[in-house]
Amino acid sequence: MQEEIASHARDISRALGGKVSEKEIENELNNYLNVYRVSLDTAKRSIVRKHGGDPTGLQLGVSKTIKELIPGEQSVDMLCRIVSVDGRQIDVEGGAKDILYGILGDQTGTVPFTAWVVEGLDLHKGDVVRVRNAYTKEFRGQVQVNFGNRTTLAKESADALPPYEPGKGSVPRGPPTPMKVVDLKEGSSNVSLIVRVLDVEKREVQVNGDAKTVFSGTFADETGKVKFSAWKDFSISPSDTLKIEGGYVKAWRGIPQFSFDERSAVSKLEASTLPTVEELEKSPRVWIEDLAERGGAIDVVVRGIVIDIKEGSGLVYRCPECKRVLRKMACRIHGEVQGTPDLRVKAVVDDGSGALIAVLGKELTEGLLGKTLEACITEAKENMSQEVVRDQLADLLVAQPVEVRGNVTSDDYGLMMIVDGAKILKVDVEQEARAMLEELEGLEDTA
Ligand SMILES: [Zn+2]
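This one's a predicted model, so the numbers in the text were calculated from it and none came from an experiment. Position numbers for residues start from 1 in each chain and track the written sequence from start to end. Local features in this predicted model are restricted to residues of pLDDT 70 or higher, and side-chain atom pairs are both shown and tallied only at a pLDDT of 80 or more, whereas totals for entire chains, interfaces and linings draw on every residue.

### Digging into the overall build of the protein
Here is step 1: Strands here mean DSSP runs of E at least two residues long; helices mean DSSP runs of H or I at least four residues long; both are numbered from the N terminus. A tally of regular secondary structure across the protein gives 9 helices and 22 strands.
Here is step 2: Taken over the C-alpha atoms alone, the protein extends approximately 80 × 70 × 50 Å along its principal axes.
Here is step 3: By sequence separation, contacts in the protein at least 24 residues apart represent 60% of the contacts at least 6 residues apart. We call two residues in contact if the C-beta atoms placed from their backbones are at most 7 Å apart.

Structure below.
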């Protein structure tokens, strides 16, 4: 494995034009794999991005068996057999396009594939091919392999791979990694989780006439909550305590989400394994640094100091069509429109470990200001300025300790909390300082 890590470190270094040493990258890669427990593919791409490089410059894919595939992998290498292959035309912009589709197999299982570029591709049933730089997606709970522009295929001799036997033979993926909800990050795979079901609903989804059932809802343990999707009926009911082995994590709308399917094992545990539903419903307090590392979370509490009130806070006018906040009474998309008034706060909250933008809607903003939207409109008219409301919010909030609760999303611009609850903390600063001093003195006494 270490030798393999070294060759992937070399690949990353090459993609970065050699500006970071292979040794340094190797350490980083080990950290991502062993401490953060993300997949090799995700780790490689994250490291390249972190150093300002372009992940498409990576050349060495991660070699996997079909059973090891998870959705969202960008460069996968595989040795597999074409179990079936078929062609068809699809409608695209500017005419029709030929694609190939079918089933790939190896000794661990089968997976559907689509080849989006067919020029020069000569695939026949029974061929054994070495695939480089394929990518995977999830399609209604199932992993799919895609061959794109960067994918190369080379034929191997028929005996390079054991024959495919339907339903037979599977290589174990190794024991799943036990995790707490707080540890779940995008790209984590083969995870073992002990959780209680807070809510679950059954949904039917339709694609190309195929009905598929998905069970989705919220799980919790003593460290937090996470949304889940189960792509098989495991007869999950609210308040069940479950052990799930073989799940994986991917981001959905900027928040990590736990998924599992027919490859996972689900068992019911004694209710006493975890705290009660009532206990678990409470929102845990978290550090912003941890949210950044996890890539967002649902229903968490952050305490920090408001260090800025962003532009676009206070009394704003929204486009009646698309709800975007107007600038100079014009919508970016719909031009000059008659705006609808609204109140909101975009506050930068810093807890010492990091910062996030907390977005508060009308009701919470009215609560903080102690007055209604209508009162704010009147005041703005009297002062001939919309800014008066933002100034009041700044006076009220900047440099104040606050507690905010809500869902936190993560994207290229950072962390954003859509706030469900907020309060200004009445912290007795003097008393806190005294308590801290006493604690320090106490430590000195025992030293
Ligand atoms: Zn608009």
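### Remarks on the domain arrangement of the protein
Here is step 1: All domain edges in this entry derive from an automatic or database-based domain assignment. For the protein, the assigned domains read domain 1 (1–60), domain 2 (62–169), domain 3 (177–277) and domain 4 (288–429).
Here is step 2: In this structure, domain 2 and domain 4 have C-alpha centres spaced 47 Å apart.

### Remarks on the nonpolar core
Here is step 1: Defined on buried residues, the nonpolar core groups Ala, Val, Leu, Ile, Met, Phe, Trp, Tyr and Cys residues joined through C-beta atoms within 7 Å. Remark: C-beta atoms are placed from the backbone, and a residue is labelled buried if 20 or more other C-beta atoms sit within 10 Å of its own, exposed if 12 or fewer do, or partly exposed between those counts. One finds I12, I47, L193, V195, F219 and F258 to be the most contacted residues of the largest nonpolar core, which totals 48 residues.
Here is step 2: Here this core gets 5 residues from one element, more than from any other, and that element is strand β9 (residues 191–207).
Here is step 3: Discounting residues that sit within four places of it in the chain, I12 has contacts with I25, K44, I47, V48 and L58.
Here is step 4: Listed in part, the 31 residues of the second largest apolar core include A297, V349, C376 and L393.

### Considerations on the packing of helix α1 (residues 2–15) against helix α3 (residues 40–50)
Any two packed helices are characterised by the angle at which their axes cross and by the distance between the axes.
Here is step 1: Interaxial distance between α1 and α3 falls to 10 Å at its minimum, and their mutual angle equals 30°. One finds that α1 runs roughly parallel with respect to α3. The two elements α1 and α3 meet at a crossing, and its hand is right-handed. Seen from α1, the contacting residues are H8, I12 and A15; seen from α3, they are L40, K44, I47 and V48.
Here is step 2: By residue class, the composition of the contact of α1 with α3 is 5 nonpolar, 1 polar and 1 charged. To obtain an axis, a line is fitted to C-alpha atoms, over the contacting stretch when the element is a helix, and the angle between two such axes runs from 0 to 180 degrees between their N-to-C directions. Put simply, angles under 35 degrees are roughly parallel, angles over 145 are roughly antiparallel, angles from 65 to 115 are roughly perpendicular, and the rest are oblique. Crossing chirality is assigned from the near helix's rotation relative to the far helix, an anticlockwise turn below a right angle marking it left-handed and a clockwise turn marking it right-handed. For this classification, the nonpolar set comprises Ala, Val, Leu, Ile, Met, Phe, Trp, Tyr, Cys and Pro, the charged set comprises Asp, Glu, Lys and Arg, and every other residue, Gly included, is treated as polar.

### Focus: the pairing of strand β12 (residues 241–252)
Here is step 1: At least two DSSP bridges between two strands are required for those strands to pair. Bridging between β12 and strand β14 (residues 265–268) involves 4 bridges; their strand directions are antiparallel. By the bridge assignment, I244 is partnered in β14 with V266.
Here is step 2: Of the strand pairs in this sheet, β12 and strand β13 (residues 255–260) are connected by 5 bridges, and their pairing is antiparallel. Among the inter-strand pairings, V249 is bridged to a residue of β13, identified as F258.
Here is step 3: What sits between the antiparallel neighbours β12 and β13 is a turn of 2 residues, in which R253 has the positive phi angle 50°.

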